[in-house]
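Here is what each chain is made of, one letter per residue.
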Amino acid sequence: MKNLVRLFSYLKGHRPLYLLALMFALFAQIAAALQPGLIKITVDSVLGNEPLTHTALERLVALFGAAAKGTNGLLIMAALILAFAICRSIFTFLQMNTANAATERGIQNVRNRLYNHIQLLPYTYHANAKTGNLIQRCTSDVDTIRIALYSQIPETVGSVFLIIYTVFLMIQSNIKLALVSCAVLPITAIFSGIFFYVIEKQFKTAADREAAMTAVLQESLTGIRVIKAFTRQQYEMEKFKTASEAYMKRNLIVIRCFAFFWSGSDFLSYIQIFIVILYGSFLAYRGEISVGMLIAFISYIGILIQPVRQLGRILGNIGKACVSVGRIEELFREEPEELFPTQKKPEIKGNIIFDSVSFAYPGTENTPVLDNVSFSIKQGQTAAILGPTGSGKSSLVHLLDRLYDYTSGSITIDGVELHSIDKGWIRSQIGLILQEPFLYAKTIMENIKLAAPDTDDFVAQRYARIAALDGEIHYFADGYSTVVGERGVSLSGGQKQRLAIARTLIKDAPILIFDDSLSAVDMETDAAIRAALKNENKHKTVIIISHRIATVKDADIIIVLEKGKITEQGTHRELIQHDGLYKRIYDIQSNRDR
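Quick summary incoming for the structure in this document. Note that this is a predicted model, so its numbers are computed, not measured.

**Focus on the overall build of the protein**
- For the protein, the count of helices and strands is 21 helices and 10 strands.
- A compact globule built from 594 residues should have a C-alpha radius of gyration of about 25 Å, whereas the protein, at 36 Å, is more than 25% larger.
- Projecting the C-alpha coordinates of the protein onto the three principal axes gives extents of approximately 120 × 50 × 50 Å.
- By residue count, 47% of the 594 residues in the protein fall in the buried class.
- Counting only contacts in the protein whose residues sit at least 6 apart along the sequence, the fraction spanning at least 24 positions is 76%.
- For the protein, the accessible surface area stands at approximately 30,000 Å², while carbon and sulfur atoms represent 59% of it.
- Across the protein, 62 positive and 55 negative side-chain charges occur, with their mean positions spaced 6 Å apart.

**A few points about the sheet that holds strand S9 (residues 557–562)**
- An order of S6-S7-S8-S3-S9-S10 is seen for the six strands of this open sheet, with the pairing classed as mixed. Among the strands making up the open sheet, the edge pair consists of strand S6 (430–433) and strand S10 (565–570). Taking the axes of each pair of neighbouring strands and ignoring which way they run, one obtains an average angle of 15° across the sheet.

**A closer look at the environment of Arg209**
- In this fold, Arg209 is placed in helix H8 (residues 185–222).
- The spacing of Arg209 and Ser244 is 35 residues in sequence and 8.2 Å in space, taken between C-alpha atoms.
- Beyond its immediate stretch of four places on either side in the chain, Arg209 contacts Ala246, Tyr247 and Arg250.

**Things to note about the packing of aromatic side chains**
- Applying the stated criterion across every chain yields a total of 14 aromatic pairs.
- When the ring of Phe297 is compared with that of Tyr300, the centres are 5.9 Å apart and the planes differ by 90°; the resulting orientation is edge-to-face. Here Phe297 and its partner Tyr300 are both found in helix H11 (residues 291–332), three residues apart, which amounts to about one turn of the helix. Each member of the pair, Phe297 as well as Tyr300, is classed as buried.
- Ring pairing ties together the aromatic residues Tyr123, Phe359, Tyr361 and Tyr404, which thus form one cluster.
- The side chain of Arg462 reaches across the aromatic face of Tyr463, ending 5.2 Å from its centre.

**Here we look at the nonpolar core**
- Core analysis: the largest hydrophobic core is formed by 33 residues, its most contacted members being Ile352, Phe354, Leu396, Leu399, Leu400, Ile411 and Ile413.
- Apart from residues lying up to four places away in sequence, Leu396 is in contact with Phe354, Leu370, Val373, Phe375, Ile385 and Leu561.
- Met293, Tyr300, Ile301 and Leu311 belong to the second-largest nonpolar core, a separate cluster that totals 32 residues.

**Some words on the sheet that holds strand S1 (residues 352–359)**
- In space, the four strands of this open sheet follow the order S2-S1-S4-S5, with antiparallel pairing throughout. In this open sheet, the two strands that pair with only one neighbour each are strand S2 (370–377) and strand S5 (416–417).
- Bridging between S1 and S2 involves five bridges; their strand directions are antiparallel. Its bridge partner lying in S2, Val357 is registered against Val373.

**Observations concerning the side chain of Glu329**
- Topologically, Glu329 is positioned in helix H11.
- Residue classification places Glu329 among the buried positions, given a relative accessible area of 11%.
- Among all residues touching Glu329, those that are not within four sequence positions of it are Arg6 and Tyr10.

**Overview of helix H10 (residues 233–285)**
- In this model H10 runs 75 Å from its N-terminal to its C-terminal C-alpha over 53 residues, within 8% of the 78 Å that 1.5 Å per residue would give.
- Just beyond H10, the residue with positive phi is Gly287, at close to 80°.

**Side note on the environment of Lys344**
- Along the chain, Lys344 turns up in the loop between H11 and S1.
- Between the C-alpha atom of Lys344 and that of Asp208, which follows or precedes it by 136 residues, the distance is 43 Å.
- In this structure, Lys344 is in contact with Asp422 and Trp425, ignoring residues within four places of it in sequence.

**Observations regarding the environment of Thr188**
- Mapped onto the elements, Thr188 comes out in helix H8.
- Sequence separation between Thr188 and Glu486 is 298 residues; the distance between their C-alpha atoms is 54 Å.
- When neighbours within four sequence positions are excluded, Thr188 is seen to be in contact with Leu268 and Val308.

**Here's the deal with the side chain of Arg498**
- One can find Arg498 in helix H17 (residues 493–505).
- Among the polar contacts made by the side chain of Arg498, one reaches the main-chain carbonyl oxygen of Ala468 at a distance of 2.7 Å.
- Those residues in contact with Arg498, other than ones at most four positions away along the chain, are Ala467, Ala468, Leu469, Glu472, Val521, Thr525 and Ile529.

**Regarding the packing of helix H15 (residues 457–466) against helix H18 (residues 523–536)**
- The interhelical angle for the contact between H15 and H18, taken along N-to-C directions, is 130°, at an axis separation of 8 Å. The pairing of H15 with H18 is recorded here as oblique in orientation. The segment H15 lies against H18, with Arg462, Tyr463 and Ile466 engaging Ile529, Ala532, Leu533 and Glu536.
- For the contact of H15 with H18, a count of residues per class yields five nonpolar, no polar and two charged.

**Let's talk about unusual backbone geometry**
- The phi torsion at Gln343 lies on the positive side, around 65°, for a residue other than glycine.
- Along the chain, Gln343 falls in the loop between H11 and S1.
- On the accessibility criterion, Gln343 (54% relative accessible area) is exposed.
- At Asp414, a residue that is not glycine, the phi angle is positive and equals roughly 55°.
- With respect to the element layout, Asp414 can be found in the loop between strand S4 (408–413) and S5.
- Classification of Asp414 by relative accessible area gives partly exposed; the value is 22%.

**Things to note about the packing of helix H2 (residues 15–47) against helix H6 (residues 131–173)**
- For the pair H2 and H6, interaxial distance at closest approach is 9 Å and the crossing angle is 40°. In terms of axis orientation, H2 runs oblique to H6. For the element pair H2 and H6, the recorded crossing hand is right-handed. Residue-level inspection shows Tyr18, Leu22, Ala25, Leu26, Gln29, Ile30, Ala33 and Leu34 of H2 in contact with H6, the latter providing Leu149, Ile153, Pro154, Val157, Gly158, Phe161, Leu162, Tyr165, Thr166 and Leu169.
- Across the contact of H2 with H6, the residue classes break down as 15 nonpolar, three polar and no charged.

How each quantity is defined
Residues numbered from 1 in each chain as written. Predicted model: local features only at pLDDT ≥ 70, side-chain atom pairs only at ≥ 80, totals over all residues. Heavy atoms only, no water. Helix = DSSP H or I, 4+ residues; strand = E, 2+ residues; numbered from the N terminus. Rg over C-alpha atoms; globule rule 2.2 N^0.38 Å. Buried < 20%, exposed > 50% of the residue type's maximum accessible area, 1.4 Å probe, protein only. Contact = heavy atoms within 4.5 Å. Areas by Shrake-Rupley, 256 points an atom, 1.4 Å probe, with all protein chains shown as cover. Lys, Arg positive; Asp, Glu negative; His and termini not counted. Charge placed at Lys NZ, Arg CZ, Asp CG, Glu CD. Pairing = 2+ DSSP bridges. Axes fitted to C-alpha atoms, helices over the stretch in contact; angles between N-to-C directions. Phe/Tyr/Trp six-rings, centres within 6.5 Å; stacked < 30°, edge-to-face > 60°. Lys NZ or Arg CZ within 6 Å of the ring centre and 35° of its normal. Core = buried A, V, L, I, M, F, W, Y, C linked by side-chain atoms within 4.5 Å. Expected span 1.5 Å × (residues − 1). Polar contact = N/O pair within 3.5 Å; in protein donor to acceptor, adjacent residues only side chain to side chain. Parallel < 35°, antiparallel > 145°, perpendicular 65-115°, else oblique. Nonpolar A, V, L, I, M, F, W, Y, C, P; charged D, E, K, R; others polar. Left-handed = near helix turned anticlockwise from the far one by under 90°.

Here is the structure:
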């Protein structure tokens, strides 16, 4: 029920228009419910000899002179029946258009709000979330809600009103026959209610299976190069087949539920028609009702059966929409991170101090990734971090960017505690280049200018030269206008890394972090980039994470991390004098390069 209420909350700002659509739906149903009464008048008063009574419908008919006998009376009644049908069509058209207008505007707000909320969720959430699941919530779930608001809610309101109004007209015509005619309705309503309760749970499970299948598909398409490189196509096909089969089996259960409901409701409907025809014929035979009234009641039952049967289907689909609402609201309940809670923007120059910093990822508090780490970097210095895989190098820079917050200790930047600096501000002051940069399916120039779209093209080309990329770009047919493809698929690994360097340099941040982002370039290009960076960024603080001694040896300070702890710290000349990890790596790489 809560999800049903939330469903209507998505129409905020457009509810008057939506209520107008529901009014049109009611008018359309009134026009439909009055037509059996017109058939009764035609049979009893135009073809027969019964006088018109004083019901509202018969008074309306009398205004048009429909009591006339013969051809004229039949033509008038035919025109009235046609007019009511046209009115119903017009009101249905207006209902669909106004409902669609209100729904589309409301759903656009939901879709935008959902996307914005996902953008503001903390990195810790995205690190554990499945992309395919998030995509499904933004697409399939939102579309399910759209269909429910646009079509199924108005249908439900119209159907319920039609049932109530038709029963009222039947009671007004003949209470005995009306009660007998409605005898099966409570059973049908209970049957529909049970179906709604069961199908909602089945839709929830089916939605989860679809999300799992979408996640497999997304993961496979994203890693298609790896799949082909390791000839994992057969494994991925089996993996998708398993997920698809699980979704198919759950859908079959849903279909069986619907099949059982439709066959059951059909059976109840035929019983209802049989009872009306049998008892109505008996009353007509005894002269208690006219032939016209019997025909009208058969028409009323025909009107009643369809909405009662459809009600189960519609309620089932609304149940599916309620499941989608629950999945979306589950996402909305995730707490977004505040980027600028204090609005304070201290000047960042680049003096960094780590003082006894420890950190463990959420859920693994007993196994710290960083343990009592202490070091300092002055503005304008270049610091290098070296260590084996899993030693905590990337975790350390994640703390600086406030993607995670440290568990204990202190990190200060220019004397200000990092915890007290707004996340949005500190991230704007740090340029982070990752080992596997993400590139958009745009031109090279658009990717370089991503952080500063208004930058002049000549400035962007200058940073491309610093990143040793400009010369290679001119070999492309379209130069800087070359579209790099999704995730930069048309570029080599080294070209992607250098493009990411140029994109970060254009940001002009006082702190630059290279997270193993020169690993895919050759030694000569590596040296050329570092030399150009040194001349360009004399007043910037630079942190380089690398496994190459050649890349880190010119740093002002080199930090060696092992199992989350600093085991060595100093300059290249100092570290090769001690028998530690740094010297061992140096000896291995020196022998390899000979």
